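Examining the three-dimensional arrangement
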Amino acid sequence: MSLDFPTIYLLPTHIDPNALPELESKIPTLTSDINDASIILANISNRERAKFELRRRKIFTEDIHSLPNPVNPRKISSSASSLSAHETRAIAGCGDDENKDNDSHDGESIITVVKLPWFADCLALGSILPVNEYLIYQGRKTQQAAAKTPPDSHDILKRAQQEGESDQRTSKVGSPHASGSASLSQHARTSARIKRPALGHESTSEHERRADMPPIPDYLHTTYSCQRPTPSDPLNAPFIEELKKVRTLRTLEGDNVGIRAYSTGIASLAAYPYLISQPAEVARLPGCGEKFAALYQQWTANGYLDEVKDAETDPKMSVLQLFYNIWGVAATTAQDYYNKGWRDLDDIIEYGWDDLNRVQQIGLKYYDELQEKIPRHEVGEVGQVILKHANKIRQGFQMVIVGGYRRGKTESGDVDVILSHPDTTLTSNFVAEIVSGLESEKYITHTLIMSTKNSERGQTPVAWKGQNVKAGGGFDTLDKALVVWQSPDWDKAKSSKNPNPHRRVDIIISPWKTAGCAVVGWTGGTTFQRDLRRYCKHMKRLKFDSSGVRSRTDGSWVDLESDSDGPAPDMLTAEKRIFRRLGLEWRSPEERCTG
């Protein structure tokens, strides 16, 4: 006897396209229109991913259901397995025909995403099971699509292969004075999601152009950006800069999945060694697909992306950007300020000053100065001052200026300096000494954060806590000081007040045995570092962070920097040894500009 399944939409994400035809043939109530579905079947486990996939399909929701504690979904009680299809639909937010008049409005507004094993278990047990133990996400629609898209004539396999073509998202610009209680991830997005042009039919000449596309370099067939060169001046920089603006919007929206998706695409485009001439070139790159191809087509047609253009006139986004630029203010904090009704920096000072932490207060006090970029020559001068003072305290310190400076940027937002010494005993708690010396010489005006976590644990790499433990802030576990810097040298005959701008400076102290890891970790770029950690995890079974490398098998420290003669003679040699022993081709800092 066939089971009375509710209408099901199968989300193709993370499902092998070759397995989709067989899976779809087993679902008697399958629909190709997500708006018709009572249940969305998905091979994902994260509620944020579920919400992201819904947004990609023009569905915006607010949470209405707290997920139950994790349990084994296959341990189904006899009482649960006896529930009727009507009861299951009620759990899923879908009323039966008898109650349709009363419940149709609410039922149609409920979105229920469940794990793929729910369907398999229903078949195995011959009963429609309740969804609560398989529930990934349940929410209520906050806005309806402008018009229902007619069912796609292609089957699910086709959608899996070309899902980027149907990933247009809809939104309307919200009132900047609307209630701030809603999450920014549900804030109406700009109309660019609707206006994104679909790729047109290919003419004969276009087919010939596609055939003439340059070959994709071998290094761009990998998803790990740490395996390929990414220059600081990519040929497609104008398009990439526009995509970075969209990524900033995702940051302000708190859309972590979107941030990662754009970062991946940007890194691929930055590594592409040819000037793009057609959307098809974009579509074939890792992490880009038809979505980025459509964005490229829009950008070439208009000279901008609609979403970016609309955001420039959205008062709410402008205010959020203003707040986010305050040193020490994250995107969630910026949203919180906006939700309190604050609309400029004076509002924060007047109504919220006492609630700010010290970093945020300093960020506000020197807001304009800290927005200024630091010329390359000045970054180098700051580094030399720090090295000079370190060697005044203890001879033998070495220094590397990392961050954007090391990747070749002509201007930097701050100065990141790593100090290390061959004698490990001299780096323990040294950060306090160097900061004290620079304060006495009037270079440091404010010390905002002083961390000695690495010294407290004996200058050893961060412990690996197990495969299923969420990663912490390993990148920030070295001893460090975050300070405000102002050169004390000026012509006092011309001015009685120091006219030099205040700068943000990070002083990082690394023990010698893992100094190469510190240099790699702090050099960046961000996507390069993210992919290096992924590469180490999935390809080498290692946990990498700036404090060192540990085995994911037994948690032991893995020394990648020493050889038969002992530790590396300098920090840059140690860095090169890390690349070699991880099986990676050496990439100079100027080739790690993943955007």
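Residues numbered from 1 in each chain as written. Predicted model: local features only at pLDDT ≥ 70, side-chain atom pairs only at ≥ 80, totals over all residues. Heavy atoms only, no water.

Here's the deal with helix H16 (residues 331-339)
Looking at H16, one finds that the buried residues are Ala331, Ala334, Gln335, Tyr337 and Tyr338. Buried residues along H16 cover an arc of 155 degrees about the axis, so they all sit on one side. Residues of H16 that are buried in the fold lie against helix H10 (237-253), helix H15 (315-324), helix H17 (345-352) and helix H18 (358-365). (Buried < 20%, exposed > 50% of the residue type's maximum accessible area, 1.4 Å probe, protein only. Helix = DSSP H or I, 4+ residues; strand = E, 2+ residues; numbered from the N terminus. Arc of directions from axis to C-beta. Contact = heavy atoms within 4.5 Å.)

Some points on the sheet that holds strand E7 (residues 398-401)
Taken together, 5 strands build an open sheet; the order of strands is E7-E9-E12-E11-E10 and the sheet is mixed. The sheet is open, and its two borders are formed by E7 and strand E10 (444-451), each paired with just one other strand. This sheet shows a mean twist of 20 degrees between the axes of neighbouring strands, independent of strand direction. Two strands pair when backbone bridges link them, and E7 and strand E9 (residues 415-420) are joined in this way by 4 bridges, in the antiparallel orientation. The residue bridging Val400 from the neighbouring strand is Ile418, located in E9. (Pairing = 2+ DSSP bridges. Axes fitted to C-alpha atoms, helices over the stretch in contact; angles between N-to-C directions.)

A short note on the side chain of Ser420
Note on placement: Ser420 falls in strand E9. Of note is the side chain of Ser420, whose polar atom sits 2.7 Å from the backbone oxygen of Ser510. With residues near it in sequence (within four places) discarded, Ser420 still touches Gly396, Phe397, Gln398, Thr427, Ser510, Pro511, Trp512, Ala515 and Met571. (Polar contact = N/O pair within 3.5 Å; in protein donor to acceptor, adjacent residues only side chain to side chain.)

Looking at the nonpolar core
Counting 27 residues, the largest nonpolar core has Ile386, Leu419, Ile434, Leu438, Trp485, Val505 and Ile507 as the members making the most contacts within it. At the level of elements, helix H20 (376-393), E7, E9, helix H22 (430-440), strand E11 (479-485) and strand E12 (503-509) are the ones that each hand at least two residues to this core. In terms of residue count, H20 provides more of this core than any other element does, 6 residues in total. With residues near it in sequence (within four places) discarded, Ile386 still touches Val417, Leu419, Ile434, Leu438, Trp485, Val505 and Ile507. (Core = buried A, V, L, I, M, F, W, Y, C linked by side-chain atoms within 4.5 Å.)

Looking at the pattern of salt bridges
Under the criterion given, the structure shown has 24 salt bridges. Where Glu242 meets Lys245, a salt bridge forms, and the shortest distance between an N and an O atom there is 3.5 Å. Of the two residues, Glu242 and Lys245 are both situated in helix H10; the distance of 3 residues between them amounts to about one turn of the helix. By relative accessible area, Glu242 is classed as buried at 8%. Between Glu372 and Arg503 there is a salt bridge; the shortest N-O distance is 3.8 Å. Here Glu372, found in the loop between helix H19 (367-371) and strand E6 (374-375), pairs with Arg503, found in strand E12; they are 131 residues apart in sequence, far enough to count as distant. By relative accessible area, which is 5% here, Arg503 ends up buried. (Salt bridge = Lys/Arg side-chain N within 4 Å of Asp/Glu carboxyl O.)

A short note on the environment of Gln384
Looking at the secondary structure, you find Gln384 in helix H20. Once the C-alpha coordinates of Gln384 and Val400 are considered, the two residues, 16 residues apart in sequence, prove to be 9.7 Å apart.

Comments concerning H22
For H22, the complete set of buried residues consists of Phe430, Val431, Ile434, Val435 and Leu438. Down the axis of H22, the smallest arc covering the buried residues is 130 degrees, so these residues share one side. Structurally, H22 contributes buried residues whose contacts are with H20, E9, helix H21 (424-427), E10, E11 and E12. At the exit of H22 stands Lys442, carrying a positive phi of roughly 70 degrees.

Some details on the packing of aromatic side chains
As enumerated under the stated definition, the model contains 14 aromatic pairs in all. Summarising the aromatic geometry, the rings of Phe5 and Phe119 are spaced 4.9 Å apart at their centres and angled 40 degrees between planes, so their arrangement reads as tilted. Of this pair, Phe5 sits in the segment before strand E1 (8-10) while Phe119 sits in helix H6 (residues 117-125), and the two are 114 residues apart along the sequence. Note on Phe119: relative accessible area 2%, which makes it buried. With centroids separated by 5.2 Å and ring planes inclined at 50 degrees, the aromatic side chains of Tyr262 and Phe292 adopt a geometry described as tilted. Residue Tyr262 is located in helix H11 (residues 256-271), and its partner Phe292 is located in helix H13 (residues 289-302); the two are separated by 30 residues in the primary sequence. The rings of Phe5, Trp118 and Phe119 are connected pair by pair, giving a single aromatic cluster. Geometry around Trp327 places Arg504 over its ring, the cationic atom sitting 5.6 Å from the centre. (Phe/Tyr/Trp six-rings, centres within 6.5 Å; stacked < 30°, edge-to-face > 60°. Lys NZ or Arg CZ within 6 Å of the ring centre and 35° of its normal.)

Digging into the packing of H15 against H16
One way to put it is that H15 packs onto H16 with a least axis distance of 9 Å and a crossing angle of 125 degrees. It follows from the interaxial angle that H15 and H16 lie oblique. Relative to H16, H15 is oriented so that their crossing is right-handed. When H15 is examined against H16, the residues Lys316, Val319, Leu320, Phe323 and Tyr324 are found in contact with a partner set consisting of Ala331, Ala334, Gln335, Tyr337 and Tyr338. (Parallel < 35°, antiparallel > 145°, perpendicular 65-115°, else oblique. Left-handed = near helix turned anticlockwise from the far one by under 90°.)

Let's talk about the confidence of the model for the protein chain
Averaged over every residue, the pLDDT of the protein chain is 83; the share at 70 or more is 79%. Confidence drops under pLDDT 50 across residues 163-197; counting only partners more than four residues distant or on other chains, this segment forms 104 contacts. (pLDDT = per-residue confidence, 0-100.)

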